[in-house]
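Coordinates in review
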Amino acid sequence: MGEEYLSSLPVLDSSLITTIAFVAVLVSLIITIFIIIGETGKLYSTRSKPLNLPPGSYGWPILGETLEFLGAGVDGIPEKYIKERMEKYQSPEVFKTSLMGEPVAVLCSPAGNKFLFSNENKLVTIWWPNSVRKLLGPCLATTSGDEGKQMRKMLSCFITPDAFTRLYIKTMDVVAQQHINTHWLGKEELKVFPIIKLYTFELACRLFMSLENPQQIAKLAALFNVFLKGIISVPLNFPGTRFFNAKRATIAIKKQLQTIVRNRRVALEQETASASQDLLSHLLAHPDENGKFMPESVIVNNILMLLFAGHDTSSVAITMLMKNLGQLPQTYEKVFRGKWKNPLLQLVAISISNDLCFKSEQRAIASSKEAGEFLQWEDIQKMKYSWNVVSETMRLSPPVIGAFREALVDFKFAGYDIPKGWKLYWSASLAHTDSSLFQENINFDPSRYERAGPIPFSYVPFGGGPRMCLGKEFARLEILIFVHNIVKRFQWDLLIPDEKVEYDPLPTPVKGLPVHLHPHKPLDVVASYVDLHSIS
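Quick caveat, the model's predicted, so the values are computed rather than measured. Within every chain, residues take consecutive numbers counted from 1 along the sequence as written. Under the rules for a predicted model, residues below a pLDDT of 70 receive no local features and side-chain atom pairs below 80 are neither given nor counted, while totals for whole chains, interfaces and linings still include all residues. Neither water nor hydrogens contribute to the side-chain values; these are computed over all heavy atoms in the structure.

1. Let's talk about the pattern of salt bridges
Between side chains of opposite charge, a pair can form when the charged atoms approach closely. Definition used for salt bridges: Asp or Glu carboxyl oxygen within 4 Å of a side-chain nitrogen of Lys or Arg. All chains considered together, the criterion is met by 17 salt bridges. Between K369 and D379 there is a salt bridge, with the nearest N and O atoms lying 2.4 Å from each other. Of this pair, K369 sits in the loop between α16 (362-367) and α17 (377-381) while D379 sits in helix α17; the two residues are 10 residues apart in sequence, bridging distant segments of the chain. Of the two residues, K369 and D379, both sit in the buried class. Here R448 and E392 are joined by a salt bridge, their closest N and O atoms 2.9 Å apart. Note that R448 is positioned in the loop between α19 (428-432) and α20 (472-487) and E392 in helix α18 (residues 384-396), a separation of 56 residues in sequence. No difference in accessibility class separates R448 from E392, as the two residues are buried. Numbering goes from the N terminus for both helices and strands, where a helix is a DSSP run of H or I of at least four residues and a strand is a run of E of at least two. Note on exposure labels: buried denotes an accessible area under 20% of the residue type's maximum, exposed denotes more than 50%, and partly exposed covers the range between, all computed with a 1.4 Å probe on protein chains only.

2. A word on the environment of E406
Mapped onto the elements, E406 comes out in strand β5 (residues 402-407). Expressed as a C-alpha distance, the spacing of E406 and L123, which sit 283 residues apart in the sequence, is 8.4 Å. The contact criterion used throughout is that any non-hydrogen atoms of two residues lie within 4.5 Å. Every residue in contact with E406, bar those within four places of it in the chain, is listed here: L123, V124, T125, W127, G421, W422, K423 and L424.

3. Brief notes about the layout of surface pockets
Any empty space left between the atoms is revealed when a probe the size of a water molecule rolls over them. Here a cavity denotes a set of grid points, spaced 1 Å apart and computed over the protein atoms alone, in which a 1.4 Å probe fits but from which it cannot get out, and a pocket denotes an open set meeting protein on both sides within 12 Å along at least five of seven lines; residues with an atom within 4 Å of a point are reported as lining. Grid points are joined across faces, edges and corners, and a volume is the space filled by probe spheres set on the points. For the second largest pocket, the calculated volume is near 460 Å³. What lines the second largest pocket is a set of 21 residues, among which M320, K323, L396, S397 and Y503 lie closest to the centre. For the lining of the second largest pocket, the secondary structure elements donating two or more residues are α13 (296-327) and β10 (501-503). Per-element accounting of the lining of the second largest pocket gives the leading share, four residues, to α13. Across the lining of the second largest pocket, the residue classes break down as nine nonpolar, seven polar and five charged. Residues are grouped as follows: Ala, Val, Leu, Ile, Met, Phe, Trp, Tyr, Cys and Pro are nonpolar; Asp, Glu, Lys and Arg are charged; every other residue, Gly included, is polar.

In structure tokens form, the structure reads like this:
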């Protein structure tokens, strides 16, 4: 439906498009060159001695090393770009490059991660490429300083344990069961990734703004797929580019969200909606601690940002988890039945009750439920091994492979000068695959997270410091509740075991992860299923 909307917009003549494109590129290049020359001149004219910059290369004029950086992700090895330059420049802590038209210092170790996370809003601040800032607009992800802190406070009150228990867990459980009954039950084969994206998007729409209309959700989801293709791209705004298509899709999304916001405002005034029913009502009905209400346009931007953050990263995490459980039947068995209480019990397991042999996990949690009873906060806390499996999945396939910061002042790192205005990049995929930080680093081993776990700042799927992902616990709930509902119904085989995974920019199986489903036999399905249509 979103594509239909986009295709209905006016189309320019092809020769005119070519001319406009050429002129736009030429003007952009000329402007960029003058900016770089001007900024470089200012940088050196105000300094009394040469800077001791990190080793490295700025690559090609204008483009820098952007194509190599993005290309490593397309190859499925995003850390390759960084590792090659660490070896080339013999610099294990930091090197310089140019990405997205900006000079960048790439920090390459847990010490670098700690430095950035510990100096947020002091030496560095959040920075996103122009494509992200232009598409999202002012919102939590793109706003720093006091204004960013106020936004974070307003949003964070809706992702507390109390809010999870009061608003989210039952709804997540209901939506997961409805989704599985609609899209999985009765199927022999399906593609996991597109179906999971639909599930997480529907869930985000329902939780953040109580949107349940399937047609409206489908229309928004189609537009979001176009938006996501251009969120990290070269911001050339002319026909045929990813950014141009994403910008048009973003305009259409924001228009729909604006209508939803205005309708909700009327409903709140007429008392047909509750001020605490969801995040949208909360943002409309409650001012910040200074008594200031969030502007309508910023509410729209934040809902857009949360729909993006709340479903896209979770979609890839669940998809890669499904991939690992399909490849590793022993790991699946532990998630489903639980771990052996004592390995020696495996020798006599045939004559001993399962409940005595296994530490409880998803099967035991399901069997403890009466008909119509939903998961509770306490059940989530019992899913320890399942979360270790999710954690190892995010180590090997981090949903967010890294992020940028901007230097607020001149400072030194690892003995090198980092000038004010430079961008800095930290990499989760690099840290997560470092053999000095993770023994047998390429092996899938959920036991890494037992006892002390990884060393600080080496495992960073949610970032760290004041900018740590606000939705970390939300994502944990979303993923574990889906895992609970899917493993108690199915086991599955991968139809393409060696399917390539690209990072564009999130890890994505190129064929959508097709699987063959094996429903559990009736004796294995220990939970009673409720008539979901009777739930309001």
